[in-house]
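# A look at the structure
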Amino acid sequence: MVKKLTGLAALTLLLSACSTTSNTVGNTVDPVLTQSPRDLAMFTAENKQCYDRSTQPYSFVVDAHNHFRPFGGHAIPMHELDDYFRRLGVLFVNVYGIGQTLPVDSSCDYYLDCPDTLVIPSIKNDFRNASNYMEFPPDGLHLTLSMSFPNLAEPQWIKPQMQQLNQEYPDKFKWMGEVNLVKQALFKNGHKATPIEAIPQWADFMAKLREDKMPVAIHSDLGNDKEGENYKYLPLMDKVLELYPDNKIVWVHMGLSAELKNADPVKHIAVMKERLDRHPNLMLDISWRVIYDNYFIKPEVRALYVDFFNEYSTRILPGTDFVASRKKDFLVYAQEVEVTSRINLYLDDNAFRNIALGENYFRLMGLDQYRAPQICR
Ligand SMILES: [Zn+2]
């Protein structure tokens, strides 16, 4: 292990609070996360101050995966979310809508509670995020608006809708995602895996993304825990990578999910490395506590992923995959930040700087005014 665990007692206490469902509200936040506030000036190219891992937070400064809109029901207002970010020193955040919305007349807040209710992507959440962003300019934060509307099985509408958003909010949207290539959790709600034949028809919107230098974050489950199905859907992502090698593609959750809790980590890491080696524009998003709860929590498994992240440290993006339903509050977000940041404690200094302190994000986004601080020796 690289660093001693500051606030270990608090961490252990928190562990028990966090091992229940994500809706459970504990009553504590690890003080390490809030006691040493971070600000944007620490992440500018001019900053000379080093980052002391023994006293400063191990949590990431970038949440590259945050859904500001829930599946249904009310959202946490954006200005309140901004306050959560400032309190936790999470200063760079991707503003996702949601790729699956319940009908407006549905009484559901979460799609798994209402199987059989059709969930489909919609552009309305992107408009709402943009409108809220303009109304509440994020003081002391860098938010990146993202287009989350695309239905990848209906690619003919994507470029025109991108143009529509750009017309209403010129130069505001800098990212696309999270879009669903295949998400098994939604199968009961009418979602199907995108047919592989649809992928070549993405050419025009993928060209527009390259032109605008926008990354696209794709949810593409590798497979599931059934015998012989661990990598059932891998050909879909392979097709995307083969056809669009020049696009900046972010593979969210490394293809893992609640349906794939028992992948052999050695094999999984080998599959990821092979794609990263072959596709220099591919990055992996390691957000979502499901990955922590099923993989990183096991010391022997975690060690394998830590070696992998240290070796491929320029290719990894952190995040929570928080969904801002009004049923949640600051403590829930703080816990998700804490749990999804725990892996950072084990990274070497170089990987910690690239992943947790934002260097990868700044490079991917071409944010030349920002730079991750050097680590204090
Ligand atoms: Zn997500």
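All residue numbers refer to positions counted from 1 along the written sequence of the respective chain. Local features in a predicted model are, by the rule used here, given only for residues with pLDDT of at least 70; side-chain atom pairs are given and counted only at 80 or more, and totals for whole chains, interfaces and linings are based on all residues. Excluded from the side-chain calculation are hydrogens and water; included are all heavy atoms of the structure.

## Thoughts on the packing of aromatic side chains
Classification of ring pairs uses Phe, Tyr and Trp, with its six-membered ring standing for Trp, and accepts pairs whose centres are within 6.5 Å; under 30 degrees between planes counts as stacked, over 60 as edge-to-face, and the remaining range as tilted. Here the structure, examined in full by the defined rule, presents 21 aromatic pairs. Ring geometry for Phe 322 against Tyr 333: centres 5.0 Å apart, planes inclined by 70°, an arrangement best described as edge-to-face. In this pair, Phe 322 is assigned in strand β9 (residues 322-323) and Tyr 333 in helix α10 (residues 330-341), connecting sequence segments 11 residues apart. Type-normalised accessible area, obtained with a 1.4 Å probe on protein chains alone, sets the label of each residue: buried when under 20%, exposed when over 50%, and partly exposed for intermediate values. A residue is classified by how much of its surface remains accessible, and Phe 322, at 0% relative accessible area, is buried. Assessed through its relative accessible area of 0%, Tyr 333 is described here as buried. By definition, any uninterrupted DSSP run of H or I lasting at least four residues is a helix, any uninterrupted run of E lasting at least two residues is a strand, and each is numbered from the N terminus.

## Describing the nonpolar core
Counting 116 residues, the largest nonpolar core has Met 254 and Phe 309 as its most contacted members. The leading source of residues in this core is α10, at seven residues. Nonpolar cores are built from buried Ala, Val, Leu, Ile, Met, Phe, Trp, Tyr and Cys residues. Side-chain atoms within 4.5 Å join them into one set.

## What to know about the coordination of the zinc ion
The donor definition counts N, O and S atoms within 2.8 Å of each metal and applies 3.2 Å to Na, K and Ca; water is not among these atoms, so some sites may look incomplete. Each protein donor to the zinc ion is listed here as His 65 (NE2), His 67 (NE2), Glu 178 (OE) and Asp 321 (OD); together their distances run 2.0 to 2.2 Å. Taken together, the four donor atoms coordinating the zinc ion span angles of 83 to 173° at the metal, a pattern that classifies the geometry as irregular. Coordination of the zinc ion draws on donor residues from a single chain, spaced H-x1-H-x110-E-x142-D in sequence. In this pair, His 65 sits in strand β1 (residues 62-67) while Glu 178 sits in strand β4 (residues 173-182), placing the two residues 113 residues apart along the sequence. Across this residue pair, the class does not change: His 65 and Glu 178 are buried. Geometry assignment treats four donors as tetrahedral when all angles are between 85 and 135 degrees, treats four as square planar and six as octahedral when opposite donors are over 155 degrees apart and all others between 65 and 115, and treats everything else as irregular.

## Things to note about helix α2 (residues 78-88)
Every α-helix winds through 3.6 residues per turn, so residues three or four apart in the chain are directed the same way. When α2 is considered as a whole, its buried residues turn out to be Met 78, Leu 81, Asp 82, Tyr 84, Phe 85 and Leu 88. Seen end-on, α2 carries its buried residues on one side only, within an arc spanning 155°. What makes two residues a contact is simply this: any of their non-hydrogen atoms within 4.5 Å. Looking at the buried residues of α2, the elements they touch are β1, β2 (92-96), α3 (124-135), β3 (142-147), β9 and α10. Of the residues one or two after α2, Gly 89 is the one with positive phi, at around 65°. Arc definition: directions from the helix axis to the C-beta atoms.

## Quick look at the sheet that holds strand β5 (residues 216-220)
Here we have nine strands laid out as an open sheet, ordered β8-β7-β6-β5-β4-β3-β2-β1-β9, and parallel in their pairing. Pairing within the sheet leaves two strands with one partner each, and these edge strands are β8 (316-317) and β9. By definition, two strands form a pair when at least two bridges between them are found by DSSP. Here two bridges tie β1 to β9, and the two strands are oriented parallel to one another. By the bridge assignment for β9, Asn 66 is matched with Phe 322.

## Looking at the pairing of β5
β5 sits mainly inside the fold: five of its five residues count as buried. Judged by which residues are buried, β5 turns out to be covered on both faces: Val 216, Ile 218 and Ser 220 on one side and Ala 217 and His 219 on the other are all buried. As judged from the five bridges shared by β4 and β5, these two strands associate in the parallel manner. Looking across to β5, one finds that Asn 180 is bridged to His 219. Taking the sense of rotation as the criterion, the β-α-β connection linking β4, helix α5 (residues 203-211) and β5 turns out right-handed. With respect to chirality, the unit in which β5 leads through helix α6 (residues 234-243) into the neighbouring parallel strand β6 (residues 249-252) is right-handed. When the strands point away from the viewer, a crossover counts as right-handed if the route from the first strand across the helix to the second turns clockwise.

## Some details on the side chain of Ser 287
You can see Ser 287 is positioned in the loop between β7 (282-285) and α8 (289-296). Definition of a polar contact: a pair of N or O atoms within 3.5 Å, with one able to donate and the other able to accept a hydrogen when the atoms are protein atoms, and with sequence-neighbouring residues admitted only if both atoms are side-chain atoms. One polar contact links Ser 287 to Asp 285, side chain to side chain, over a distance of 2.7 Å. Excluding anything up to four places from it in sequence, Ser 287 contacts His 65, His 253, Leu 317, Gly 319, Thr 320 and Asp 321.

## Here's the deal with the environment of Leu 112
Of note, Leu 112 is situated in the loop between β2 and α3. On a C-alpha basis, the gap between Leu 112 and Ala 185 in space is 7.7 Å, while along the polypeptide they are 73 residues apart.

## Regarding unusual backbone geometry
In this structure, Glu 178 follows Gly 177 across a cis peptide bond, with omega equal to 0°. One non-glycine residue, His 253, adopts positive backbone phi at about 60°.

## Some points on the pattern of salt bridges
Salt bridges are defined by distance alone: a side-chain nitrogen of Lys or Arg within 4 Å of a carboxyl oxygen of Asp or Glu. Under the definition given, this model contains 14 salt bridges. Its salt-bridge partner being Asp 238, residue Arg 275 comes within 2.8 Å of it at the nearest N-O pair. Taken as a pair, Arg 275 in helix α7 (residues 265-278) and Asp 238 in helix α6 lie far apart in primary sequence, 37 residues in all. The shortest N-O distance in the salt bridge between Lys 273 and Glu 311 comes to 3.2 Å. Note that Lys 273 is positioned in helix α7 and Glu 311 in helix α9 (residues 299-311), a separation of 38 residues in sequence. By relative accessible area, Glu 311 is classed as exposed at 54%.

## Some points on the UniProt feature "domain: Amidohydrolase-related" (unreviewed entry) in the chain
UniProt positions are given in the numbering used here, feature names are shortened, and annotations may be inferred rather than shown by experiment. Those residues carrying the UniProt feature "domain: Amidohydrolase-related" (unreviewed entry) are residues 201-326 in this numbering. Between the end C-alpha atoms of residues 201-326 the distance is 37 Å, and the span holds 43% helix and 13% strand.

## A word on α7
The length a helix should cover is 1.5 Å for every residue beyond the first. Its 14 residues place the ends of α7 20 Å apart at the C-alpha level, agreeing with the 20 Å of an ideal helix rising 1.5 Å per residue. All buried positions along α7 are accounted for by Pro 265, His 268, Ile 269, Val 271, Met 272, Arg 275 and Leu 276. Down the axis of α7, the buried side of the element spans an arc of 160°, and every buried residue falls inside it. Exposed and oriented more than 90 degrees from the buried face of α7 are Val 266 and Asp 277. Buried residues along α7 sit in contact with α6, β6, β7 and α9. A distance of 3.2 Å separates the backbone nitrogen of Val 266 from a side-chain oxygen at the start of α7, and that oxygen is part of Asp 264.

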